[in-house]
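Read off the chains here:
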Amino acid sequence: MKCTNCGKEISDNNAKFCPGCGTELKEKEIITEKTEIPYEIVQQKRKSELESRLFNGTFYFAGAGIIYAIVGLVLHGELNFKLPGLFIGIGVVLFIISKYINMQSPITDHFKFRCPVCHEENIVDSTIDSGFTCSKCEQKMVIADKEIKIIK
């Protein structure tokens, strides 16, 4: 690896400071010689933004219905399922719609790889044309010519 400040080659991968200039080496600032990241292609359904929002809405509405039912039971000593039933019903409908959208989603190629900084396993859509970040350390990367590369 190289120091990001002076560019000196550092042989100790666990070094906290550069032996040349003394700069503190932070994990995200380490530049590796090899920027191409090995990956394997896996097939996975492409999840749309709408599907994600509907699926998350499922839990919000169903959870709100359950909370209303519990609060009503505690405060009034009886179960009134009008409002909680409505919320739970909306949650079930949103869940069914999101599953229908998921069944219609095409299966596409995705890149499965380990981040060279934190070694977290990531899966990204191979058709992505802009940069993306690691799900754990947020290292910026990009797909260029069907290769995953670190943005320095």
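Preceding block: the structure.
The structure reproduced in this document is the subject of the present report. (Residues numbered from 1 in each chain as written. Predicted model: local features only at pLDDT ≥ 70, side-chain atom pairs only at ≥ 80, totals over all residues. Heavy atoms only, no water.)

Our next topic: the environment of Tyr60. Tracing the backbone shows Tyr60 in helix α1 (residues 49–76). Through-space distance from the C-alpha of Tyr60 to that of Phe87 is 8.8 Å; in sequence the pair is 27 residues apart. (Helix = DSSP H or I, 4+ residues; strand = E, 2+ residues; numbered from the N terminus.)

Moving on: the pairing of strand β4 (residues 121–125). In this structure, strand β3 (residues 107–114) lies alongside β4, joined through five bridges in antiparallel fashion. Bridge pairing links His110 to Asp125 in β4. (Pairing = 2+ DSSP bridges.)

This part is about the nonpolar core. Counting 14 residues, the largest nonpolar core has Phe113, Cys115, Phe132, Met141 and Ile148 as the members making the most contacts within it. Among the secondary structure elements, those contributing two or more residues to this core are β3, β6 (140–144) and β7 (147–150). (Core = buried A, V, L, I, M, F, W, Y, C linked by side-chain atoms within 4.5 Å. Buried < 20%, exposed > 50% of the residue type's maximum accessible area, 1.4 Å probe, protein only.)

Glancing now at the sheet that holds β4. Hydrogen bonds between backbone atoms are what pair the strands of a sheet, whose relative direction is either parallel or antiparallel. The three strands lie next to each other as β2-β3-β4, forming an open sheet whose pairing is antiparallel. Strands at the two margins of the open sheet, each flanked by one partner only, are β2 (39–45) and β4. Adjacent strand axes in the sheet meet at a mean angle of 35 degrees when their direction is disregarded. Here seven bridges tie β2 to β3, and the two strands are oriented antiparallel to one another. Bridge pairing in β3 links Glu40 to Lys112. (Axes fitted to C-alpha atoms, helices over the stretch in contact; angles between N-to-C directions.)

Turning next to unusual backbone geometry. Backbone geometry places His119, a non-glycine residue, at a positive phi of 65 degrees. Checked against the element boundaries, His119 lands in the loop between β3 and β4. With a phi angle near 65 degrees, Glu138 is a residue other than glycine that sits in the positive phi range. With respect to the helices and strands, the residue Glu138 is situated in the loop between β5 (132–133) and β6.

Function-wise, these values are silent; they only describe arrangement.
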